[in-house]
Structures are given as structure tokens and as C-alpha cells.
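# Descriptive structure summary
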Amino acid sequence: MTSSKNNPSAGDIAREALLSIPNPLGRFPGPLRIPEVRGMHHYLSGEAFFVALKNEVEQLVRSAPEDHDILVQAFNVFFREIRYVEPHTIVFRGALNSGQDASVIAHFSQCVAHVVYLPKAGPERVIAGFWRDPAGG
């Protein structure tokens, strides 16, 4: 890191600002460490929502009766497939109560989902599936 009095780095400016704050206990003990600054993209990702939803389905699979389907309910529809399109889109696929196929595409911040188990609708047990689409297509 190169800096001088004529051209201080952002870290030097931040360090000087922190050191200029009055400290009633005296000098800071040890070297002053400035935390790493993370970009906002971390907070604008649907990754945590997707992982939490997947984990809750896995948890319910372990505790629900074997003769029940495990589905995700969101937007008043039951879904059997959930796809994460990085970095922020969730695609839900399922069926309406009338039996018609339905899909919902939403920004992760718009989603409120319930993981539920219901008596099996057919001969095979249905468990909501998850997959990632990093390419967005």
C-alpha cells in the first residue's frame, strides 16, 4: 500500500478519522483494525431465502408421515418445484386447486412461503424439488 501525506488512501483517511474520536479510556489497545467492507450485492441475493426454504422442506420430509406430500405454499398456490435464478429471482411451479398448472416468478424479497404436508394426491409421494439456474436462462 502506497500513500503519502499528499495522497492518502481511503484506509488512511478512515484510520485517521477513527483515531481522532475522543476515547475516555485513553489510546486504543493494540493495532487498529478496520473491518472489511462488503459490496451491496451480498444483501441483494436470494441465496439465503432459497437455502432456508430447501432446508425446511428437508426437515419436514424427516418428520411428516410417509403417506403425505411435502409442498411449498406461496401466493395461495401449492408448488412442487422451486428454481433459484441467480442472483435474486425465485420461480415457483405447481398447480392451482382446480388442477391447472401455475407458475409464479418473484423477486426473493416478495416471497412468503409455507412448507406444508398434505395427504398424497396420487400413488407416489411428491416432495418439492429445488434447483439452481446460475446462468439465468
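Our subject in this report is the structure included herewith. (Residues numbered from 1 in each chain as written. Predicted model: local features only at pLDDT ≥ 70, side-chain atom pairs only at ≥ 80, totals over all residues. Heavy atoms only, no water.)

### Concerning the nonpolar core
- In this structure, Phe49, Leu53, Val72, Ile82, Ile90, Phe92 and Phe130 are the most contacted members of the largest nonpolar core, which totals 22 residues.
- When contributions to this core are tallied by element, the ones reaching two or more residues are helix H2 (47-63), strand S1 (68-74), strand S2 (77-85), strand S3 (89-95) and strand S4 (101-107).
- Ranked by the residues each element gives to this core, the list is headed by H2, at 5 residues.
- Apart from the residues lying within four places of it in its own chain, the contact partners of Ile90 are Phe49, Phe50, Ile82, Arg83, Tyr84, Val104, Ile105, Ala106, Phe108 and Cys111. (Core = buried A, V, L, I, M, F, W, Y, C linked by side-chain atoms within 4.5 Å. Buried < 20%, exposed > 50% of the residue type's maximum accessible area, 1.4 Å probe, protein only. Helix = DSSP H or I, 4+ residues; strand = E, 2+ residues; numbered from the N terminus. Contact = heavy atoms within 4.5 Å.)

### A short note on the layout of surface pockets
- For the largest pocket, the calculated volume is near 170 Å³.
- Lining the largest pocket are Asp69, Leu71, Phe78, Phe79, Arg80, Gly94, Ala95, Leu118, Pro119, Ala121 and Val126.
- Counting only elements with at least two residues in the lining of the largest pocket, the list comes to S1, S2, S3 and strand S5 (114-119). (1 Å grid on protein atoms, 1.4 Å probe; cavity = no way out; pocket = protein on both sides within 12 Å on 5 of 7 lines; lining within 4 Å. Points joined across faces, edges and corners; volume = space filled by probe spheres on them.)

### A closer look at the environment of Lys54
- Mapped onto the elements of the fold, Lys54 is located in helix H2.
- Along the chain, Lys54 and Val72 lie 18 residues apart, while their C-alpha atoms are 9.7 Å from each other.

### Observations concerning the pairing of S4
- Residues Ala102, Val104 and Ala106 of S4 are buried on one face, while the alternating residues Asp101, Ser103, Ile105 and His107, pointing to the opposite face, are not.
- When S3 meets S4, the two strands line up antiparallel, connected through 7 bridges. Bridge assignment links Thr89 to a residue of S4, and that residue is His107.
- What sits between S3 and S4 in their antiparallel hairpin is a turn of 5 residues, with Gly99 showing a positive phi close to 95 degrees. (Pairing = 2+ DSSP bridges.)

### Points about unusual backbone geometry
- Going from Glu86 to Pro87, the amide bond is cis rather than trans, its omega being 5 degrees.
- Structurally, Pro87 is set in the loop between S2 and S3.
- The phi angle at Phe75 is positive, at roughly 55 degrees, despite the residue not being glycine.
- Along the chain, Phe75 turns up in the loop between S1 and S2.
- Notably, Asn76 is not glycine yet its phi reads approximately 60 degrees, a positive angle.
- Looking at the secondary structure, you find Asn76 in the loop between S1 and S2.

In short, geometric facts, not functional conclusions.
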